[in-house]
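Residue strings, one per chain:
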Amino acid sequence: MTLLAAVLLTACSKKGPSYAKYVPKSAGYVLAFDLKRLTQKLEQDSLTFENMLTVINEDKSSKAYTEALSKWNEFKDAGVDFEQKVLVAVPALDVTAGSVSFQLVAGLKDPSKLEAFIAKQKDAPKIEKEGSLSMVDMNGVVLGWNKEAVMLVGAQSTPSYDLLNDSSDAPIGAVPGAEGKKALLKKYFALNKDQSVLS
């Protein structure tokens, strides 16, 4: 486990968000992003999301700008807790695995608002429910949530290297499908304290 993950372990145990319990302690890297402070800093420097969209609008149609701004405003009111940290975790690197998964976890203030946001999307995916857990497959990633946290699980293919036969022609690994990502998501939500970074 890296030093970065170890530092977060200590921080989470003392004053970190409760939903850090959904991050496995086997994670190789864990990053915590303080969105509230980041947003405050950007606003102090007069750099807001709306300002960035204005710059993009110089090279895009006004329709694209209006749609992007509308989506951003909808997302800001989708029940996600932007006052808390967002955690991003990836497993320890395995060069023989052929793919690497990633996990993003944030606080959730209002699950019903998140569900309403998803329902408004074009070709809105069907929400699956298993007990207190809800899940959707969205464009290659799986989004899941309960009453306190929202989690996104995805994967990226990587060259699969044979350590005994170093070759530049290493095959690209297969990315886990939706069912594999759902299995990971359910596994993370079911972690006990001894299995999480909070242990």
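This section reports on the structure supplied with the text. Because the structure is predicted, anything quoted here is derived from the model rather than measured. (Residues numbered from 1 in each chain as written. Predicted model: local features only at pLDDT ≥ 70, side-chain atom pairs only at ≥ 80, totals over all residues. Heavy atoms only, no water.)

Brief notes about the overall build of the protein
Along the protein, the regular secondary structure elements total six helices and eight strands. Sequence-ordered secondary structure for the protein, helices as α and strands as β, is α-β-α-α-α-β-β-β-α-β-β-β-β-α. The proportion of buried residues among the 199 residues of the protein is 31%. Of the contacts formed within the protein by residues at least 6 apart in sequence, a portion of 69% connects residues at least 24 apart. When the accessible surface of the protein is summed, it comes to about 12100 Å², and 55% of that surface belongs to carbon and sulfur atoms. (Helix = DSSP H or I, 4+ residues; strand = E, 2+ residues; numbered from the N terminus. Buried < 20%, exposed > 50% of the residue type's maximum accessible area, 1.4 Å probe, protein only. Contact = heavy atoms within 4.5 Å. Areas by Shrake-Rupley, 256 points an atom, 1.4 Å probe, with all protein chains shown as cover.)

Looking at helix α5 (residues 111-119)
Every buried residue of α5 is accounted for by Leu114, Phe117 and Ile118. The buried residues of α5 occupy an angular sector of 100° when the element is viewed end-on, so they sit on one face. (Arc of directions from axis to C-beta.)

Topic: the pairing of strand β7 (residues 141-145)
Within β7, four of the five residues are buried, leaving the element largely enclosed by the surrounding structure. Across five bridges, strand β6 (residues 133-138) lies against β7 in antiparallel orientation. By the bridge assignment for β7, serine 134 is matched with tryptophan 145. Counting the residues in the hairpin turn of β6 and β7 gives two residues, including asparagine 139, whose phi is positive at 50°. Across four bridges, the pairing between β7 and strand β8 (residues 149-157) is antiparallel. Its bridge partner lying in β8, tryptophan 145 is registered against valine 150. In this antiparallel pair of consecutive strands, β7 and β8, the connection spans three residues. (Pairing = 2+ DSSP bridges.)

A closer look at unusual backbone geometry
Despite not being glycine, aspartate 123 has its phi angle at roughly 50°, a positive value. Among the secondary structure elements, aspartate 123 is positioned in the loop between α5 and β5 (128-130). Its identity is not glycine, yet asparagine 139 carries a phi of approximately 50°, on the positive side. In this structure, asparagine 139 sits in the loop between β6 and β7. Residue classification places asparagine 139 among the exposed residues on the basis of a relative accessible area of 82%.

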